[in-house]
Amino acid sequence: MFSNAEIGIDLGTANILVYTKSKGIVLNEPSVVAIDMETKNVVAVGSEAKEMVGKTPQNIVPIRPLKDGVIADYDVTAQMLKEILKKVSKVAGLSMRKPTVVVCTPSGSTSVERRAIHNAVKSYGAKEVHLIEEPVAAAIGSDLPVDEPVANVIVDIGGGTSEVGIISFGGVVSCRSVRTGGDKMDEEIIQYIRKNYNILIGERTAENVKMEIGFALIDHDELSMDIRGRDMVSGLPRTITITSTEVQEAIKESLEAILETIRTTLENCPPELSGDIVDHGVTLTGGGALLKGMQKWLADEISVPVHLAPNPLESVAIGTGRALKMINKLQKAAK
């Protein structure tokens, strides 16, 4: 036990990950809180709360307090952080008295949004709170040489936002953020099935469809999957079969928005660093990087090598934790 714990938090729209110096990633839970609307008390946090989505009585509402990578509901986020950090102290056996915390923020977030994240963590009783930009954290967590004078291009496709950053000498050279990610794709699948089949499905079903038979815009052997939903005409449950080609069609818009963001970022890259990008390529991270065919599709579209980070889902959290050592250097580079 040591009194001054040092922890890194990836405060994601879909998942919260907590990294401690001594034990690596100690917690990875969905960013969902179930609240009793009558008493305003937190009933469940994380996985337990996610299980409740779409299945709760009227007085208990599962809330996702983070939208597009930033805090949408400040009070609920503060309560969620308290519960999450309590879990961490039990799991990791750390005393959470005045921890030093590094939290990542989306590169496109405003100073007000950053302050909200800072204050939410500070309200837990953190001794110091450092904010680090998500692309920098993702690059550190993907084992890229961020503090060297070479262009490291990171594409982080998260739940709420997709970030593209070119990092050199520990700082961000060029960066773009688009509020499109895994959640938007789920929403597009829901809308597609509603429009074409007159059937309503929930978020969890849409997410399963994306994970099972979702493909980037590449040619592939078609897969199919049975899904259940509510018929909007009769109001009764119904099962339909949907194919991977249809899912491709549904999420096409989101994928093209992400590609456009990558292109714009690369166009704004200084010519000296462009040569490095041709040699070293682009590194993909975040949950969206796991979409089937994503690597091949992007490599074909942007004509540079595309690599997958060692742990795409955990890169940002690992990076925030490792950034504790580099924080002073990174802050100087950011000024």
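- Named according to an unreviewed UniProt entry, the protein chain is Cell shape-determining protein MreB originating from Sediminibacillus albus.
- According to its UniProt record, the protein chain has this under Subunit (unreviewed entry): "Forms polymers."
- Annotation of the protein chain in UniProt includes, under Function (unreviewed entry), the sentence "Forms membrane-associated dynamic filaments that are essential for cell shape determination. Acts by regulating cell wall synthesis and cell elongation, and thus cell shape. A feedback loop between cell geometry and MreB localization may maintain elongated cell shape by targeting cell wall growth to regions of negative cell wall curvature."

**What about the sheet that holds strand E1 (residues 6-11)?**
Pairing between the strands of a sheet comes from backbone hydrogen bonds, and it takes one of two forms, parallel or antiparallel.
Consideration 1: Read from one edge of the open sheet, 5 strands run E3-E2-E1-E9-E10, paired in mixed fashion. Each having just a single partner strand, strand E3 (24-30) and strand E10 (128-133) make up the two edges of the open sheet. Across the sheet, the mean angle from the axis of one strand to that of its neighbour is 20°, orientation sign disregarded.
Consideration 2: Relative to strand E2 (residues 15-20), E1 runs antiparallel, the two being bridged by 5 bridges. Across the sheet, Ile9 pairs through a bridge with Val18, a residue of E2.

**Describing the packing of aromatic side chains**
Consideration 1: Considering all chains together, one arrives at 0 aromatic pairs under this definition.
Consideration 2: Directly above the ring of Phe215 sits Lys292, whose terminal nitrogen or CZ lies 5.9 Å from the centroid.

**Quick word on a nonpolar patch on the surface**
Consideration 1: The grouping of Leu290, Leu308 and Leu313 at the surface amounts to a nonpolar patch, some 260 Å² of accessible area in total.
Consideration 2: The residue Leu313 is located in the loop between strand E18 (306-308) and helix H10 (315-334) in this model.

**Section: the pattern of salt bridges**
Consideration 1: Scanning the entire structure with this criterion turns up 14 salt bridges.
Consideration 2: With a closest N to O distance of 3.0 Å, Glu29 and Lys87 form a salt bridge. Of this pair, Glu29 sits in strand E3 while Lys87 sits in helix H2 (residues 74-92); the two residues are 58 residues apart in sequence, bridging distant segments of the chain.
Consideration 3: Measuring nitrogen to oxygen at the nearest pair gives 3.9 Å for the salt bridge that ties Glu203 to Arg64. In this pair, Glu203 is assigned in helix H6 (residues 203-213) and Arg64 in the loop between strand E6 (60-63) and strand E7 (66-67), connecting sequence segments 139 residues apart.
Consideration 4: Here the salt bridges share partners, and the residues they tie into one network are Arg64, Asp183 and Glu203.

**Regarding the sheet that holds E6**
Consideration 1: Within the open sheet, the 3 strands sit side by side as E5-E4-E6. Their pairing is antiparallel. Unpaired on one side and paired on the other, strand E5 (41-45) and E6 mark the two borders of the sheet. Recorded for the sheet is a direction-independent mean angle of 30° between the axes of neighbouring strands.
Consideration 2: In this sheet, E5 lies alongside strand E4 (residues 33-36) in antiparallel orientation, the contact comprising 4 bridges. Its bridge partner lying in E5, Ala34 is registered against Ala44.

**Let's talk about the nonpolar core**
Consideration 1: Membership of the largest hydrophobic core comes to 43 residues, with the highest contact counts inside it found for Ile189, Ile193 and Met294.
Consideration 2: Looking at this core, the element that brings in the most residues is helix H7 (residues 244-267), giving 7 residues.
Consideration 3: Of the residues that make up this core, three or more belong to each of domain 2 (141-179 + 254-309) and domain 3 (182-250).
Consideration 4: Met80, Ile84, Ala116 and Ile117 belong to the second largest nonpolar core, which has 27 residues in total.

**Points about the domain arrangement of the protein chain**
Consideration 1: With domains assigned, the protein chain is organised as domain 1 (6-137 + 315-334), domain 2 (141-179 + 254-309) and domain 3 (182-250).
Consideration 2: Inter-centroid distance (C-alpha atoms) of domain 1 to domain 3 is 30 Å.
Consideration 3: Of the residues lining the interface, 6 residues belong to domain 1; the matching set on domain 3 comes to 4 residues.
Consideration 4: Across the interface of domain 1 and domain 3, roughly 450 Å² is buried in total on both sides, 33% from carbon and sulfur atoms.
Consideration 5: Inspection of the region where domain 1 meets domain 3 yields 4 salt bridges.
Consideration 6: For Glu51, the salt bridge identified is with Arg204, shortest N-O distance 3.9 Å.
Consideration 7: Residue classes in the side of domain 1 that touches domain 3 are distributed as 1 nonpolar, 1 polar and 4 charged.

**Re the environment of Lys325**
Consideration 1: Tracing the sequence through the fold places Lys325 in helix H10.
Consideration 2: The exposure class assigned to Lys325 is exposed, which follows from its relative accessible area of 70%.
Consideration 3: With 304 residues separating them in the primary sequence, Lys325 and Lys21 have C-alpha atoms 9.8 Å apart.

Definitions and cut-offs
- Residues numbered from 1 in each chain as written.
- Predicted model: local features only at pLDDT ≥ 70, side-chain atom pairs only at ≥ 80, totals over all residues.
- Heavy atoms only, no water.
- UniProt positions renumbered as here; feature names shortened; annotations may be inferred.
- Pairing = 2+ DSSP bridges.
- Helix = DSSP H or I, 4+ residues; strand = E, 2+ residues; numbered from the N terminus.
- Axes fitted to C-alpha atoms, helices over the stretch in contact; angles between N-to-C directions.
- Phe/Tyr/Trp six-rings, centres within 6.5 Å; stacked < 30°, edge-to-face > 60°.
- Lys NZ or Arg CZ within 6 Å of the ring centre and 35° of its normal.
- Patch = residues over 30% accessible without salt bridge, like charges linked within 9 Å, V, L, I, M, F, W, Y side chains within 5 Å.
- Areas by Shrake-Rupley, 256 points an atom, 1.4 Å probe, with all protein chains shown as cover.
- Salt bridge = Lys/Arg side-chain N within 4 Å of Asp/Glu carboxyl O.
- Core = buried A, V, L, I, M, F, W, Y, C linked by side-chain atoms within 4.5 Å.
- Buried < 20%, exposed > 50% of the residue type's maximum accessible area, 1.4 Å probe, protein only.
- Domains from an automatic or database assignment.
- Contact = heavy atoms within 4.5 Å.
- Buried area = accessible area lost by both parts, 1.4 Å probe.
- Nonpolar A, V, L, I, M, F, W, Y, C, P; charged D, E, K, R; others polar.

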